[in-house]
Amino acid sequence: MNPSSFRLRKLLPALLIGFITVEATAQVPGRQLHWTTDGNAYAAVEQGDLVKTDIKTGHKAVLLGKDKLRRPGSDQPMPVADFAFTPDSASVLVFTNTARVWRYNTKGDYYLINRASGQARQLGQTAGTVSKRPSQSLMYAKLSPDGRMVGYVSEHNLFVEDVASGKTTQLTTDGTRKRINGTFDWVYEEEFGCRDGFRWSPDSKQIAYWQVDATKIRDYLMLNTTDSAYSHVVPVEYPKVGESPSPTRIGVVSVTGGRNAVPPTTWLNIPGDSQQHYLIRLEWLPTGGSVIVQQLNRKQNESKLYVCKAGGASVTPIYTETDKAWIDGKARWSRDDPSGWEWLENGKSFVWVSEKDGWRHLYRINVDGKKETLLTPGAYDIATISHIDEPTNRIYFIASLENTNQRYLYRTSLDGKGKAERITPAGQSGTHNYTISPNGKFSQHTFTNYQTPPTREWVSLPDHKAVNEAESIAARVKPVAKSNISFFTLKTEDGVSLDGWMAKPTDFDSTKKYPVVFYVYGEPAGSTVNDDFSIGQNRLFQGDIAKSGYIYVALDNRGTPNLKGAAWRKSIYRQIGRVNIRDQAMGARKLFSQHAFIDTSRVAVWGWSGGGSTTLHLLFQYPDIYKTGISIAAVGNQLFYDNIYQERYMGIPQENREDFVAGSPITYAKNLRGNLLYIHGTGDDNVHYDNAEVLINELIKHNKQFQVMPYPNRSHSINEGEGTTQHLRTLYTNYLLKNCPPGPR
């Protein structure tokens, strides 16, 4: 249950392949920079050409012109979603004609284009040992480390193709919609960020891959009633909370084979019942011969690392961690890339992230698990790892040691003897992000705060000086005055300190009373109080909400993923729908007591997904406070959501069903007194439409009057179809204006 359109992930580990270093088709194509091997330049598509740009000088050189970026037999330019160079730089692997899989466009067509001749060959179409693959069916194509082959997934099976000859070898043959090789089912993708499900060995001779067996997972049946005269069923394999996970295993297969000889797969003998655990990470050791695997138990409160011989004969546990609540996977602290492994000393040790001492810290762990070193001691959390610079014995990371609503770049030593050193200079308070070059000398620096639109510059490291002063943030960007916005901290009657922001109306008069609109999320997947330019803006309100005469407010309750320590984040364990809701309500009451200009007869609240659930809870549990609510794509019954998310934060319903019932909005629907607009897409494969219908039924049962808007065949983001976004904004705005009238009184 995540904020609509706010999920952010993917970036495969870079392959150092000669002339250009590329994230060989990232999981979210085109999201990351494509660095040159020396780290002094990057490649990108600019005006249809594939161009290399020198960071220091700004000099641009065309690597492949738009005249060669064309499909065979076509004069039309080829839209490039992502690309990778072969080691000799002679050819480029191009991803194009993409199609959506769940959230992202991760399948499509791949072409190898010769840079000199412009000759293009589509992968999966060359006569060889298998028939031609359907158009727009290839996923995650990536070059082997030696550049001689390309591996890819098509229709749930793995293939490799020889770069020179085009000969294709099929590595798996049992793939179906529910037996998935080399990629993942819906829930692994949604909750662990797992998409690309295979890894080349360092010597290019083998591939390690996941196989997900979803054959025993029941389908949720969505109904398409608009695309034809007769409706048709759209099945989604979806393990709801309480259902056992899909059995998942990892195999290693040789990339050689022939027409009648599919190479056999050796399955790793990882301990445990495959229906009671998850395998969330897999990578080869840099020296090859073995892989490292992270296993989470079903409750996700025990993590084990195994080093496994590729031949399957040896599986050695090296590191175990437990928690009273849950253990986050890499998708939490490296959300653009839950794959990869942070190796040191060519695989003798690695960097690990753990909250075991109460804070999210970095550790250095020997590959045998016998020695670990804390790298970031202190009462603070790291947010993400930015770069490991082993030659200088430094690791860069994002944190905020003073204001947890902001983000800055720090570094420390890899031997555990250093202290956190802030690299981001003073003077730009807010949220910073960095994409650091492989050599650690340059970074693309992004900055925003509530008065500064997101903007970029190139800086050198570690001195953090603009590479081009004229193009620096300081020279180009001027703050936008937002004197009506303020950040605050309040303490509720329960003694809980909550951070928040308030955007006051234009021409604010403290002697008058104004309506207030609360924007909420409230669950472990996201927070609303961050120092960025979106503060005070309401993307669904048509016009300027401040000029219309509303106070706009957000509060972050316990359980949100702020950098306030594990105790703050995990206090919501088995308490979603209770702890977070009480914090929001008590925070609102405290705010009312502090500000006489808030009109407590005109109080509205809205949110999307988890925020939609929070909106329902607040309307139902605290009808004396919240008079109007707009809930979008909400989970009405926690027992209807997916097992990985809900069981991570709530436990297993067979053991504590009462917590799921007490945490579900449907339980309190009978208390509705105010105005409710409920919005949901009937084609939502994330939060299913059954959540809407059971909630509607419960409201009908108690004769509660409300307004509902179903969007036919729209997904969780409700953005498909002509006119949809405009219609949603109009609906939202009119309902708010009618039921929570704006302006001073």
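Residues numbered from 1 in each chain as written. Predicted model: local features only at pLDDT ≥ 70, side-chain atom pairs only at ≥ 80, totals over all residues. Heavy atoms only, no water.

With an unreviewed UniProt entry as reference, the protein is termed Dipeptidyl-peptidase-4, source organism Spirosoma fluviale.

S.K.: Run through the overall build of the protein, naming residues and quoting values.
M.R.: Along the protein, the regular secondary structure elements total ten helices and 45 strands. For 745 residues, the compact-globule formula gives about 27 Å, and the C-alpha radius of gyration of the protein, at 26 Å, lands near that figure. In terms of overall dimensions, the protein has C-alpha extents of about 75 × 60 × 60 Å along its principal axes. Evaluated residue by residue, the protein yields a buried proportion of 59% over its 745 residues. A separation threshold of at least 6 residues defines the contact pool for the protein, and within that pool the share at least 24 residues apart is 60%. Total accessible area on the protein stands at roughly 28300 Å², and carbon and sulfur atoms take up 48% of it. Taken as two groups, the 86 positive and 75 negative side-chain charges of the protein have centres that lie 2 Å from each other. (Helix = DSSP H or I, 4+ residues; strand = E, 2+ residues; numbered from the N terminus. Rg over C-alpha atoms; globule rule 2.2 N^0.38 Å. Buried < 20%, exposed > 50% of the residue type's maximum accessible area, 1.4 Å probe, protein only. Contact = heavy atoms within 4.5 Å. Areas by Shrake-Rupley, 256 points an atom, 1.4 Å probe, with all protein chains shown as cover. Lys, Arg positive; Asp, Glu negative; His and termini not counted. Charge placed at Lys NZ, Arg CZ, Asp CG, Glu CD.)

S.K.: Break down the pattern of salt bridges for me, citing the residues and quoting the values.
M.R.: Counting across every chain of the model gives 38 salt bridges. A salt bridge links Glu-189 to Arg-195, with the nearest nitrogen and oxygen atoms 3.2 Å apart. For Glu-189, a relative accessible area of 4% puts it in the buried group. On the basis of relative accessibility, which here comes to 1%, the residue Arg-195 falls in the buried class. Each of Asp-323, Glu-355, Arg-360, Asp-381, Arg-569 and Lys-570 takes part in salt bridges that share partners, so that together they form one network. (Salt bridge = Lys/Arg side-chain N within 4 Å of Asp/Glu carboxyl O.)

S.K.: Could you give an account of the domain arrangement of the protein, naming the residues involved and the relevant values?
M.R.: In terms of domains, the protein is made up of domain 1 (27-165), domain 2 (171-341) and domain 3 (485-739). In this structure, domain 2 and domain 3 have C-alpha centres spaced 34 Å apart. Linking domain 2 with domain 3 are four salt bridges. The residue Lys-240 makes a salt bridge to Asp-690 at a minimum N-O spacing of 2.8 Å. At the boundary of domain 2 with domain 3, the tally comes to 23 residue pairs in polar contact (both at pLDDT 80 or more). Sorting the residues of the side of domain 2 that touches domain 3 by element identifies helix 1 (186-192) and strand 18 (219-224) as the ones contributing at least two each. The dominant element in the side of domain 2 that touches domain 3, judged by the number of residues it contributes, is helix 1, at six residues. (Domains from an automatic or database assignment. Polar contact = N/O pair within 3.5 Å; in protein donor to acceptor, adjacent residues only side chain to side chain.)

S.K.: So, the packing of helix 7 (residues 643-650) against helix 8 (residues 653-662): which residues are in play, and what are the values?
M.R.: Running from N to C, helix 7 and helix 8 point in directions that differ by 80 degrees, and their axes come no closer than 11 Å. Classified by the angle their axes make, helix 7 and helix 8 are roughly perpendicular. Seen from helix 7, the contacting residues are Gln-646, Glu-647 and Met-650; seen from helix 8, they are Pro-653, Asn-656, Asp-659 and Phe-660. Residues that form the contact of helix 7 with helix 8 fall into these classes: three nonpolar, two polar and two charged. (Axes fitted to C-alpha atoms, helices over the stretch in contact; angles between N-to-C directions. Parallel < 35°, antiparallel > 145°, perpendicular 65-115°, else oblique. Nonpolar A, V, L, I, M, F, W, Y, C, P; charged D, E, K, R; others polar.)

S.K.: Please provide a residue-by-residue account of the sheet that holds strand 37 (residues 465-466), values included.
M.R.: Strands sit in the order 34-35-36-37 across an open sheet of four strands; the sheet is antiparallel. Lying at the two open borders of the sheet, with one neighbouring strand each, are strand 34 (431-436) and strand 37. Bridging between strand 35 (residues 442-449) and strand 36 (residues 452-460) involves seven bridges; their strand directions are antiparallel. In the sheet register, Asn-449 faces strand 36, and the bridge partner there is Thr-452. (Pairing = 2+ DSSP bridges.)

S.K.: Account for the pairing of strand 39 (residues 497-503), with residues named and values stated.
M.R.: When you tally the buried positions in strand 39, you get six out of seven residues, the bulk of the element. For strand 38 (residues 485-491) and strand 39, the ladder comprises seven bridges, and the chain directions are antiparallel. Paired with Phe-487 across the strands is Trp-501, a residue of strand 39. Joining the antiparallel neighbours strand 38 and strand 39 is a turn of five residues, in which Gly-495 adopts a positive phi near 80 degrees. Relative to strand 41 (residues 551-556), strand 39 runs antiparallel, the two sharing five bridges. In the sheet register, Gly-500 faces strand 41, and the bridge partner there is Leu-555.

S.K.: Tell me about the state of the cysteines, residues and numbers included.
M.R.: All told, the structure shown has zero disulfides when counted by the stated rule. For the unlinked cysteine Cys-308, the closest cysteine sulfur is that of Cys-194, found at 16 Å. (Disulfide = S-S within 2.5 Å.)

S.K.: Any details on the UniProt feature "domain: Peptidase S9 prolyl oligopeptidase catalytic" (unreviewed entry) in the protein? Residues and values, ideally.
M.R.: Per the UniProt record, "domain: Peptidase S9 prolyl oligopeptidase catalytic" (unreviewed entry) is found at residues 546-732. Helix makes up 39% of residues 546-732 and strand 18%. Its end C-alpha atoms lie 16 Å apart. (UniProt positions renumbered as here; feature names shortened; annotations may be inferred.)

S.K.: Before we move on, could you go through helix 10 (residues 724-739) and cite the residues and values that matter?
M.R.: One turn of an α-helix holds 3.6 residues; hence residues three or four places apart share an orientation. The end-to-end C-alpha distance of helix 10 is 22 Å, a good match for the 22 Å that 16 residues give at a rise of 1.5 Å each. If you check which residues of helix 10 are buried, you get Thr-724, Leu-728, Leu-731, Tyr-732, Thr-733, Tyr-735 and Leu-736. Packed against the buried residues of helix 10 are strand 40 (514-519), strand 42 (598-608), strand 43 (628-632), strand 44 (675-681) and strand 45 (707-711). (Expected span 1.5 Å × (residues − 1).)

S.K.: Mind laying out the packing of helix 5 (residues 579-594) against helix 6 (residues 610-621), listing which residues take part and the relevant values?
M.R.: At a minimum axis separation of 10 Å, helix 5 and helix 6 run at an interaxial angle of 65 degrees. As the angle between them shows, helix 5 and helix 6 are arranged roughly perpendicular. When the axes of helix 5 and helix 6 are compared, the crossing they make is right-handed. Contact residues: helix 5 offers Asn-580, Ile-581, Gln-584 and Ala-585, while helix 6 offers Thr-614, His-617, Leu-618 and Gln-621. (Left-handed = near helix turned anticlockwise from the far one by under 90°.)

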